[in-house]
Amino acid sequence: MNISMKNNEREVWVDWMRVIACFMVMVVHSTEPFYLGGDGGLILTRADMWWSAAFDSMVRMCVPLFVIASSYLQFPLHYSTGEFFKRRAVRVLVPFVLWSVVYAFYWGDPAENLRGLLLNFNYAAGHLWFVYMLLGVYLIMPLLSAWAREVGKRELQCYLGLWLFTTMLPMLRDWVAQEPLALTYGATGLPRQALFPLWGEASWNTYGTFYYVSGFVGYMLLGLYFRRFASIDSWGRTLVKAVPLYLAGFAITAGGFVHRVMATGDGSFPVAAGLDKAVWWETTWNFDSTGVALMAIATIMMLRKVTAQGRFYNTVLLRVSKASYGMYLAHMVVLATASSMLRDALGTGNEGMLGMWTTPIEIAGTALCTFVIVAAASMLMQRIPRVGKYIAG
């Protein structure tokens, strides 16, 4: 079967979304050196604060987009549970294990890192947290598939409304806390800063009222909703709905970050803070927070209008989409080097070679260079006979 015939069976907009989300992830990680440093947060100039807020906030929905894509294509399950897990193991789990080992040797002490892999990911390769979360979503898909096949539009809307309420909890906790960084336990039982116990939560109980309807399960339900019930409007009506949603989400995410940074440094720069404060800065950047959720919904609404599948789609974008998981796994190897080289060449902050424009050029340049190099490498790895799919997904 030729590629054009195969494309008729594909959700073309999902391929576009995967590629865009993959680039967004690289923008997020390219921004981190400009607000993180040492043992916590470090922002050299006021301009760096604004650039970090702008770049990171406008692409913060990248990870939710991947979950929505998986749900849209996989949920409810189209085949048996055993077959589903077998396919996910080949596509997701095996490449993840391989790259976990690669990073164990790439950063830090290999022996210590390898021992740690029995319990968790190597924190130096922090982006691998995503795979653990995604595997958790896959584990509950079979449990909810029967319900998903029968659920009505109104019922699903009610659950999504409840989930959207839970996305406000990070800001609500921050608002009601007696202290700016009240310490309590998060949903996983780990002590977290900037949290406050709500509706049944306590130091001895992490399973509050909204625990089971919060988090990334909401994005799984969003994927189901868009597939089964959401209509595709004209471009005019789509933009009238999506643009305000996106701008509102961006205002929440960026505004929350700027407010917390300014409060930490009393308006003066540079601003240096411990890890607890850096976590607090990111309150409105949480992937399951309101601003990010609104931007994810708006982005899906717009991307579903994309149907272009001409020569560029067939020869470039489709192949990059199929390599996107491998790109995600491998990109930090390239990104760390690219970021370091650009900062060494151009300098930092207002003292950099390009003045206040140094930071945005370095962020965009790092993300773009990383994307191009890793896309080419991942597509080449996929072409390795027999083992390519185990390396790059």
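For clarity, every value in this text was computed on a predicted model and none was experimentally measured.

*Asks:* Would you explain the environment of S234 in this entry?
*Replies:* Structurally, S234 is set in the loop between α10 (217-228) and α11 (235-265). Judged by relative accessible area, which is 39%, S234 ranks as partly exposed. For the pair S234 and D39, spaced 195 residues apart in sequence, the C-alpha separation works out to 49 Å. In this structure the side chain of S234 is engaged in a polar contact, spanning 3.3 Å, whose partner is the backbone nitrogen of R237.

*Asks:* What is the right way to look at helix α4 (residues 62-74) in this model?
*Replies:* One turn of an α-helix holds 3.6 residues; hence residues three or four places apart share an orientation. A rise of 1.5 Å per residue sets the reference length of α4, with its 13 residues, at 18 Å; its end C-alpha atoms lie 19 Å apart and thus fit the reference within 8%. Burial runs high along α4: 12 of the 13 residues are buried. Considered for burial, the residues of α4 that qualify are C62, V63, P64, L65, F66, V67, I68, A69, S70, S71, Y72 and Q74.

*Asks:* Help me out: how do you make sense of the packing of aromatic side chains in this one?
*Replies:* The way to describe two aromatic rings as a pair is by their centre distance and the angle between their planes. Enumeration over the complete set of coordinates arrives at 35 aromatic pairs. Judged by centre distance (5.0 Å) and plane angle (85 degrees), the ring pair of W13 and Y72 falls under edge-to-face. Taken together, the positions of W13 in helix α2 (residues 12-31) and Y72 in helix α4 put the pair 59 residues apart, joining distant regions of the chain. Comparing W13 with Y72 shows no difference in burial state: the two are buried. These aromatic residues form a ring-pair network of at least three members: F66, W129, F130, W163, F216, Y219, F287 and Y328.

*Asks:* How should I be thinking about the sheet that holds strand β2 (residues 40-43) in this particular structure?
*Replies:* In a beta sheet, neighbouring strands pair by backbone hydrogen bonds and run either parallel or antiparallel. What the three strands build is an open sheet, ordered β1-β2-β5; its pairing is antiparallel. Edge positions in the sheet fall to β1 (36-37) and β5 (271-274), since each has one partner strand and no second. Relative to β5, α11 is tilted by about 95 degrees, and along the sheet it contacts β2 and β5.

Each value, and the rule that gives it
Residues numbered from 1 in each chain as written. Predicted model: local features only at pLDDT ≥ 70, side-chain atom pairs only at ≥ 80, totals over all residues. Heavy atoms only, no water. Helix = DSSP H or I, 4+ residues; strand = E, 2+ residues; numbered from the N terminus. Buried < 20%, exposed > 50% of the residue type's maximum accessible area, 1.4 Å probe, protein only. Polar contact = N/O pair within 3.5 Å; in protein donor to acceptor, adjacent residues only side chain to side chain. Expected span 1.5 Å × (residues − 1). Phe/Tyr/Trp six-rings, centres within 6.5 Å; stacked < 30°, edge-to-face > 60°. Pairing = 2+ DSSP bridges. Contact = heavy atoms within 4.5 Å. Axes fitted to C-alpha atoms, helices over the stretch in contact; angles between N-to-C directions.

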